[in-house]
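Breakdown of the fold
Residue strings, one per chain:
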Amino acid sequence: DVYLLLLFLFHAIVALSLLLGYRTRLSCLLAWYLTVSLQERCFMANNGGDRILATILFWGMFLPWGERLSIDSLARKEEPGEPSEVRSAATAILVGQPILVYLISVFHKVEPTWLRGEVLHYALQSDFYAYPMAFFLLPYPALLRGRTYLTIAWELIGPILLLSSRPAVRTLVCLGFILMHLCFGLFLRIGIFAFSPALYMLALLP
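All figures in this text were calculated on a predicted structure; none of them were measured in a lab.

1. Focus on the packing of helix α5 (residues 89-108) against helix α8 (residues 141-161)
Put simply, α5 and α8 touch, their axes get as near as 9 Å, and they point 145 degrees apart. Read as a crossing pair, α5 and α8 show a hand that is left-handed. Contacts from Ile99, Tyr102, Leu103, Ser105 and Val106 in α5 reach Ile152, Glu155, Leu156 and Pro159 in α8. Grouping the constituent residues of the contact of α5 with α8 by class yields 7 nonpolar, 1 polar and 1 charged.

Below is the structure:
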């Protein structure tokens, strides 16, 4: 269908424009609209990662993404004494949302399979979710149980540490969450959920 091909091409051009920081706010608005439109048309294939991507783009419309390292920033000269920090409702929500997401995630993990540390063991046995290399971990139930409990602990403690005013602490926490999602994506077929939360963490780096 020519219409669909043109729509995907336009979506790709908008994404590239946002990546390069050209007309950043408009590009972000269009990227959010096109992404949500695509997700609603393919809702059976969506997971939590798709919603996180849409959320990043939505709050990005209210954030000064084009202020640094962008074509927009090259097109204007920075005024002397221009502030390097931005505090607004959008920045507060940007920080607060992943904190709520992880804490709510811990609440949903308070059930027997998680509390017995068996979730990863069962997930890695699934032909639908597990990559072939995941089966190398199955002979080590103690490792899988420890990783399960570590996930619960990290999703409980990590969000609180995100509020730290120390740049080094916040950087390590962001890297910890990025590593957690990339590790899950290395062994399990979780689609964009392996990457979009990691992308969110990049926005929270000091």
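That shown, we press on.
2. Brief notes about the layout of surface pockets
Sizing a probe to match a water molecule and rolling it over the atoms shows the empty space that remains. Looking at the largest pocket, its volume works out to about 1500 Å³. For the lining of the largest pocket, the secondary structure elements donating two or more residues are α1 (2-20), α2 (24-41), α3 (48-60), α5, α9 (167-187) and α10 (196-203). For the lining of the largest pocket, the leading source of residues is α1, giving 4 residues. Of the residues contributing to the lining of the largest pocket, the split by class is 22 nonpolar, 9 polar and 7 charged. Here the second largest pocket defines a volume of roughly 660 Å³. Taken together, 26 residues line the second largest pocket, and the ones lying closest to its centre are Lys109, Glu155, His181, Phe184 and Phe193. When contributions to the lining of the second largest pocket are tallied by element, the ones reaching two or more residues are α3, α5, α7 (119-124), α8, α9 and α10. Residue contributions to the lining of the second largest pocket peak at 5 residues, all from α5.

3. Regarding the nonpolar core
Among the nonpolar cores identified, the biggest contains 29 residues, and Leu162, Phe177, Tyr200, Met201 and Leu204 are the most heavily contacted of them. Those elements giving two or more residues to this core turn out to be α3, α5, α7, α9 and α10. Here this core takes 6 residues from α9, the largest share from any one element. Of all hydrophobic cores here, the second largest spans 7 residues; its members include Leu18, Cys28, Leu34 and Met61.

4. Things to note about a nonpolar patch on the surface
The grouping of Tyr3, Leu4, Leu7, Phe8 and Leu38 at the surface amounts to a nonpolar patch, some 470 Å² of accessible area in total. Looking at the nonpolar patch, the element that brings in the most residues is α1, giving 4 residues. Take Phe8: it is sitting in helix α1.

5. Focus on unusual backbone geometry
At Arg23, a position not held by glycine, the phi torsion is positive, near 45 degrees. Structurally, the position occupied by Arg23 is in the loop between α1 and α2. For Leu69, which is not glycine, the phi torsion reads 50 degrees and is therefore positive. By the secondary structure assignment, Leu69 is in the loop between α3 and α4 (71-74).

Conventions we followed
Residues numbered from 1 in each chain as written. Predicted model: local features only at pLDDT ≥ 70, side-chain atom pairs only at ≥ 80, totals over all residues. Heavy atoms only, no water. Axes fitted to C-alpha atoms, helices over the stretch in contact; angles between N-to-C directions. Helix = DSSP H or I, 4+ residues; strand = E, 2+ residues; numbered from the N terminus. Left-handed = near helix turned anticlockwise from the far one by under 90°. Contact = heavy atoms within 4.5 Å. Nonpolar A, V, L, I, M, F, W, Y, C, P; charged D, E, K, R; others polar. 1 Å grid on protein atoms, 1.4 Å probe; cavity = no way out; pocket = protein on both sides within 12 Å on 5 of 7 lines; lining within 4 Å. Points joined across faces, edges and corners; volume = space filled by probe spheres on them. Core = buried A, V, L, I, M, F, W, Y, C linked by side-chain atoms within 4.5 Å. Buried < 20%, exposed > 50% of the residue type's maximum accessible area, 1.4 Å probe, protein only. Patch = residues over 30% accessible without salt bridge, like charges linked within 9 Å, V, L, I, M, F, W, Y side chains within 5 Å. Areas by Shrake-Rupley, 256 points an atom, 1.4 Å probe, with all protein chains shown as cover. Salt bridge = Lys/Arg side-chain N within 4 Å of Asp/Glu carboxyl O.

All quantities given are derived from atomic positions and should not be read as evidence of function.
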